[in-house]
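# Inside the fold
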Amino acid sequence: MNETGRVSASDLVVNNIRSKIQRGELKVGDRLPVEADLAKELNVGRSSLREGIKILTAYGVVESRQGEGTFITDNVARNFFEFMGFFPSKENSEHLIELRRVIEVGNIAAIYDRVTPEQYDEIEKLVNVFDEEHTIDEYVEADYNFHNMLIEITGNPMLIQVNNMIAQMRRDLLYRMFSHPEIIQDARFSHHEIFNSLKAKDRNACISAVADHISTTRERIKSVY
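The paragraphs below set out a description of the structure included in this document. (Residues numbered from 1 in each chain as written. Predicted model: local features only at pLDDT ≥ 70, side-chain atom pairs only at ≥ 80, totals over all residues. Heavy atoms only, no water.)

Counting its secondary structure elements, the chain contains 11 helices and two strands. Helices and strands in the chain line up, N terminus first, as α-α-α-β-β-α-α-α-α-α-α-α-α. Projecting the C-alpha coordinates of the chain onto the three principal axes gives extents of approximately 60 × 40 × 35 Å. A sequence separation of at least 24 residues applies to 67% of the contacts in the chain between residues at least 6 apart. Split by element, the accessible area of the chain, about 12700 Å² in all, is 50% carbon and sulfur. Both charge centroids of the chain, one from 27 positive and one from 36 negative side chains, sit 6 Å from each other. (Helix = DSSP H or I, 4+ residues; strand = E, 2+ residues; numbered from the N terminus. Contact = heavy atoms within 4.5 Å. Areas by Shrake-Rupley, 256 points an atom, 1.4 Å probe, with all protein chains shown as cover. Lys, Arg positive; Asp, Glu negative; His and termini not counted. Charge placed at Lys NZ, Arg CZ, Asp CG, Glu CD.)

Shown next as structure tokens:
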């Protein structure tokens, strides 16, 4: 909005795309119409359209791919986290672990008795990856998806977005840690403890298992940097 209180043409572009996403008319992965068609649809000039697209790109809402077009993405949380300067380092990794403690201990207390049989099956598959010989890539994906699934069970979009903020940093830390076989064994033990507590629907055991897992991870960070 400009100083006179009028909405600029580029703001109209941003607001229109945002509204379409909120209404479900546009979803992650959808491609926007070509520039000429989109400008005509929104009744704005091409220069204003490009400016609006630049704003949406900076927010992480859209992504332009050379030769393919412009697509709806979901990089808002990641872009914000990187913009704030939270890149992998020993200090930031320790802060990350404390953030995870707050998120995941509270989360497990909320979902301990809400897991469906189908979700138990999916979680168990991810836990069992650590019982077998796999590549580091496979261990990272199993660990990442295990913790993500526990967050997603809440169905809380704000909690999920906060979790998305730390996604890349979590992956980077996992690759660093899983180059040490003893840490893979830590994950194997901890994930089984969390899963078994969930199966038992034992709230206190769930909280204890997650808290112990986070504490072990925090101690291991000291040895991998």
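After presenting the structure, the write-up continues.
Here we come to the packing of helix α6 (residues 117-128) against helix α10 (residues 181-200). For any two helices packed against each other, the geometry is given by the interaxial angle and the distance between the axes. Where α6 meets α10, the axes come as close as 10 Å, and the angle between the chain directions of the two elements is 160°. Considered as vectors, α6 and α10 are oriented roughly antiparallel to each other. The hand of the α6/α10 crossing is left-handed. Residues Tyr-120, Ile-123, Glu-124, Val-127 and Asn-128 of α6 form the contact with α10, whose own contacting residues are His-191, His-192, Phe-195, Leu-198 and Lys-199. Classifying every residue of the contact of α6 with α10 gives five nonpolar, three polar and two charged. (Axes fitted to C-alpha atoms, helices over the stretch in contact; angles between N-to-C directions. Parallel < 35°, antiparallel > 145°, perpendicular 65-115°, else oblique. Left-handed = near helix turned anticlockwise from the far one by under 90°. Nonpolar A, V, L, I, M, F, W, Y, C, P; charged D, E, K, R; others polar.)

All right, on to unusual backbone geometry then. Its identity as a non-glycine residue notwithstanding, Asn-43 has a phi of 60°, on the positive side. Summarising the element assignment, Asn-43 is placed in the loop between α2 (35-42) and α3 (46-59). In this structure, Lys-201 takes a positive phi of about 55° despite not being glycine. Turning to its location among the elements, Lys-201 is positioned in the loop between α10 and α11 (203-224).

Contact pair helix α5 (residues 90-111) / helix α9 (residues 167-177): the axes reach a minimum separation of 11 Å and the direction vectors enclose 115°. Judged by the angle between their axes, α5 and α9 are roughly perpendicular. As α5 packs across α9, the resulting crossing turns out to be left-handed. Packed against α5, whose contacting residues are Asn-92, Ser-93, Leu-96, Ile-97 and Arg-100, the element α9 presents Met-169, Arg-170 and Leu-173 at the interface.

Inspection of the secondary structure assignment puts Ser-197 in helix α10. We classify Ser-197 as buried; its relative accessible area is 8%. Polar side-chain contacts of Ser-197 include one of 2.8 Å to the backbone oxygen of Glu-193. Every residue in contact with Ser-197, bar those within four places of it in the chain, is listed here: Asp-202, Ala-205, Cys-206 and Ala-209. (Buried < 20%, exposed > 50% of the residue type's maximum accessible area, 1.4 Å probe, protein only. Polar contact = N/O pair within 3.5 Å; in protein donor to acceptor, adjacent residues only side chain to side chain.)

So, about the environment of Pro-157. Residue placement: Pro-157 occurs in helix α8 (residues 157-165). A C-alpha to C-alpha distance of 33 Å links Pro-157 and Ser-179, two positions 22 residues apart in sequence.

Core analysis: the largest hydrophobic core is formed by 40 residues, its most contacted members being Ile-108, Ile-123, Leu-150, Phe-178, Ile-194 and Leu-198. When residues of this core are assigned to their parent elements, the largest contribution, seven residues, is made by helix α7 (residues 136-152). If we ignore the near neighbours within four places in the chain, the residues touching Leu-198 are Ile-108, Tyr-112, Val-115, Tyr-120, Ile-123, Leu-150 and Cys-206. Listed in part, the 15 residues of the second largest apolar core include Leu-26, Leu-42, Val-44 and Leu-56. (Core = buried A, V, L, I, M, F, W, Y, C linked by side-chain atoms within 4.5 Å.)

Residues of α9 that are buried: Ala-167, Met-169, Arg-170, Leu-173, Leu-174 and Met-177. Buried residues of α9 fall within an arc of 160° about the axis and therefore sit on the same side. (Arc of directions from axis to C-beta.)

By themselves, these observations are geometric and do not establish any function.
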